[in-house]
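Given next are the chains, with one letter for each unit.
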Amino acid sequence: MPANFESAIAHIKSLYPDEEFIPLHEPKFIGREKEYVADAIESTFVSSVGAYVNKFEGMMADLTGAKFAVATVNGTAALHMALLVAGVKQGEEIISQALTFVATANAISYIGAIPVFVDVDMDTLGMSAEKLQDFLSSHCELRNGFTYNKVSGRRVAACVPMHSFGFPCKIDEIAAICAEWNIALVEDAAESLGSYYKGKHTGVFGQLGTFSFNGNKTITCGGGGAIVTDDEDLAKLARHLTTQAKVPHAWEFNHDMIGYNYRMPNLNAAMACAQLEQLPRFVENKRELAGLYRDFFSSVGIAFQTETADAQANYWLNVLLMQDRGERDAFLEVTNKSGVMTRPAWTLMHKLPMFRDAQHDGLQNSLWIEDRLVNIPSSVRIA
Ligand SMILES: *Cc1c(COP(=O)(O)O)cnc(C)c1O
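Heads up: these notes are all about the structure in this document. (Residues numbered from 1 in each chain as written. Predicted model: local features only at pLDDT ≥ 70, side-chain atom pairs only at ≥ 80, totals over all residues. Heavy atoms only, no water.)

1. Points about the site of the ligand
If you check the shell around the ligand, you find 15 residues, and the closest are G75, T76, E191, S212 and K217. D188 places a side-chain nitrogen or oxygen 2.8 Å from a nitrogen atom of the ligand. With the chains in place, 93% of the 380 Å² that the ligand exposes on its own is no longer accessible. Most atoms of the ligand, that is more than half of them, are within 2 Å of grid points of the largest pocket. For the shell around the ligand, the elements supplying multiple residues, two or more each, are α4 (75–85) and α5 (102–110). For the shell around the ligand, the per-class residue count stands at 4 nonpolar, 8 polar and 3 charged. (Near = heavy atom within 4 Å. Polar contact = N/O pair within 3.5 Å; in protein donor to acceptor, adjacent residues only side chain to side chain. Areas by Shrake-Rupley, 256 points an atom, 1.4 Å probe, with all protein chains shown as cover. 1 Å grid on protein atoms, 1.4 Å probe; cavity = no way out; pocket = protein on both sides within 12 Å on 5 of 7 lines; lining within 4 Å. Sits in = over half its atoms within 2 Å of the grid points. Helix = DSSP H or I, 4+ residues; strand = E, 2+ residues; numbered from the N terminus. Nonpolar A, V, L, I, M, F, W, Y, C, P; charged D, E, K, R; others polar.)

2. Here's the deal with the packing of helix α1 (residues 3–15) against helix α10 (residues 325–337)
Relative to each other, α1 and α10 sit at 45 degrees, their axes nearing to 11 Å. Relative to α10, α1 is oriented oblique. Seen from above, α1 lies across α10 with right-handed handedness. Here F5, A8 and I9 of α1 lie close against α10, whose contacting residues are E327, A330, F331, V334 and T335. For the contact of α1 with α10, the residue count by class is 6 nonpolar, 1 polar and 1 charged. (Axes fitted to C-alpha atoms, helices over the stretch in contact; angles between N-to-C directions. Parallel < 35°, antiparallel > 145°, perpendicular 65-115°, else oblique. Left-handed = near helix turned anticlockwise from the far one by under 90°. Contact = heavy atoms within 4.5 Å.)

3. Things to note about the packing of aromatic side chains
Inspection of every chain in the model, using the stated rule, returns 13 aromatic pairs. The rings of F167, Y293, F296, F297, F304 and Y315 are connected pair by pair, giving a single aromatic cluster. Above the face of the F205 ring, K200 is positioned so that its terminal group lies 4.6 Å from the ring centre. Taking the ring centre of F253 as reference, the NZ or CZ of K246 above it sits at 4.9 Å. (Phe/Tyr/Trp six-rings, centres within 6.5 Å; stacked < 30°, edge-to-face > 60°. Lys NZ or Arg CZ within 6 Å of the ring centre and 35° of its normal.)

The following block contains the structure:
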């Protein structure tokens, strides 16, 4: 085993001394989770109506600075609903990135929309504003105020950048490009709760942003998600659609649209409130860990990804970039064998059978990153 692999394993183990097998990201329930969940049970409101759902939505709006938040059953549902209320229609195109978790591309497909993948930036690992502009300029045209793909003839209705592993992408530049081309901007901020770009929380730069509270995210409520927006009409529509589009009435059961059972249950919201109270100290702790990793890995000659000058990242999952695919695989092999969980990047979306025919821009950086990226243990280190 190369000497720097050996010392990397020893270093990671020294940072998590109490773990026999060090997971990639485990949740921490060290706040008022049990108290709030017990309270929700006491109240008998455990399902999709209840005080904690409203409270959680208020807390999410406060945290992000968005005017409205709508709590959903998970992040995938949040993205599906955000794209629907953004006005994307079946057969239209949505530009996203190939370096993302499959949920991003799946949500696009739920609408019957077609994903198009552009490359990411090396310094943020998120959608490249430059590549987005290049793609639009070379393959698209504005007609009657809307953008059409000249290759497919379809309307480009939305853009979904993702803040990979919690590192904010250059979202202000992407927002300006989307405005210029009249494309709805929906941020997949599933991984970037507690991450800021130029002082603003991620998820609030476009029409809508979405979050996830799955078990492996920075905070979790078992399963959960949220949509944030400044647009009251969009927030109302999202709330309506996630609750079976039921028309409010004292006793009548009437529905005016095809709705979804996508609202976050109160039981999960109770847990989500308690977890969100912990977010500042979780993020502080994760940033401290990233600092220790940065110092260590620079001393052994392994590239460690850091935030850009404009960004404050939550360091959800810490990122190493190995020399090549061979070194990546060797590192993944020895770490996992040694009880240190590590993981490569997701297989790029255009390589998956469902998205094999998707148009893309060559994805030069994405392919380079896919060959080299390794996620290392990143759990909060508070007992
Ligand atoms: C986790 C995640 C989601 C989906 O969230 P769920 O709550 O698991 O449905 C969506 N997009 C990205 C990029 C994610 O990492």
